[in-house]
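# Observations on the model geometry
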Amino acid sequence: MSRLRAACAGMLFLAACASSNKSVAPEPRATAAAAPRVEVVEYGFHPQDPIRVGWGDRGLMAFLELLRGPHGERIAWRRVGPCCGTGAPTELEVFEVTYDGLAAPVNLYLDPNTAGAVHAPHGFSLQGLASRPQPEPEEAPRVIEL
């Protein structure tokens, strides 16, 4: 019986040594605020991660009006056409976009039918996004809500 007690005491001792001691201060870790910001360079440049502007054609035009180069340069754009669908509401629009100083025009994929959190794609900026009101729909907006 004493061997059983000794074995149980030994197991408890080993378990106590193996468990984390919460009274000891943890090692300092980098916080989320201190972590370097990783930029998503795919956003808007591929059909798998389009810019979800919503509001149909009005949303497309409002986004392109606010889009600027990284230092506020005005952009020039040309509609390339629809992409990646067969006329369904999830069809994307492709725009060729450039600004003074950009080596070559880039294609941006915009989703006019799905609203989402909009931010500038890598290498671009948005001017006045927070200060502009959302456009008033003439008809019910064609936004897909999940």
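Residues numbered from 1 in each chain as written. Predicted model: local features only at pLDDT ≥ 70, side-chain atom pairs only at ≥ 80, totals over all residues. Heavy atoms only, no water.

A separate point is the overall build of the chain. Counting its regular elements, the chain contains 2 helices and 6 strands. Secondary structure of the chain in N-to-C order comes out as α-β-α-β-β-β-β-β. Expressed as a percentage of the 146 residues in the chain, the buried residues total 26%. Long-range pairs, those at least 24 residues apart, make up 59% of the contacts in the chain between residues at least 6 apart in sequence. As presented, the chain carries roughly 10600 Å² of accessible surface, and 58% of it is formed by carbon and sulfur atoms. (Helix = DSSP H or I, 4+ residues; strand = E, 2+ residues; numbered from the N terminus. Buried < 20%, exposed > 50% of the residue type's maximum accessible area, 1.4 Å probe, protein only. Contact = heavy atoms within 4.5 Å. Areas by Shrake-Rupley, 256 points an atom, 1.4 Å probe, with all protein chains shown as cover.)

This next bit is on the pattern of salt bridges. Evaluation of the coordinates by the stated rule reveals 2 salt bridges. In this structure, Glu96 engages Arg78 in a salt bridge whose closest nitrogen and oxygen atoms are separated by 3.4 Å. Of this pair, Glu96 sits in strand β4 (residues 92–99) while Arg78 sits in strand β3 (residues 75–83), and the two are 18 residues apart along the sequence. Given the relative accessible area of 26%, Glu96 is considered partly exposed. Measuring nitrogen to oxygen at the nearest pair gives 2.6 Å for the salt bridge that ties Glu93 to Arg79. Residue Glu93 is located in strand β4, and its partner Arg79 is located in strand β3; the two are separated by 14 residues in the primary sequence. Taking the relative accessible area as the measure of exposure, Arg79 reaches 44% and is therefore partly exposed. (Salt bridge = Lys/Arg side-chain N within 4 Å of Asp/Glu carboxyl O.)

Glycine aside, the phi torsion of most residues is negative, and most peptide linkages are trans. Here Trp55, not a glycine, exhibits a phi torsion of approximately 60 degrees, which is positive. On the secondary structure map, Trp55 appears in the loop between β1 (51–52) and α2 (56–66).

Let us now look at the environment of Tyr43. Summarising the element assignment, Tyr43 is placed in the loop between α1 (2–18) and β1. Its relative accessible area of 6% is what places Tyr43 among the buried residues. Put simply, Tyr43 and Tyr109 are 66 residues apart on the chain and 8.8 Å apart in space, counted from C-alpha to C-alpha. Polar contacts involving the side chain of Tyr43 include one to the main-chain amide nitrogen of His119, which spans 3.3 Å. (Polar contact = N/O pair within 3.5 Å; in protein donor to acceptor, adjacent residues only side chain to side chain.)

Scanning the model with the defined rule gives 2 aromatic pairs in all. The interplanar angle of 75 degrees and the centroid separation of 5.4 Å between the aromatic rings of Trp77 and Phe95 together place this pair among those described as edge-to-face. One end of the pair, Trp77, is in strand β3; the other, Phe95, is in strand β4, and 18 residues separate them in sequence. Note on Tyr99 and Phe124: the rings are 5.5 Å apart at their centroids and 85 degrees apart in plane angle, and the pair reads as edge-to-face. Taken together, the positions of Tyr99 in strand β4 and Phe124 in the loop between β5 (106–111) and β6 (125–126) put the pair 25 residues apart, joining distant regions of the chain. Both residues of the pair, Tyr99 and Phe124, belong to the buried class. (Phe/Tyr/Trp six-rings, centres within 6.5 Å; stacked < 30°, edge-to-face > 60°.)

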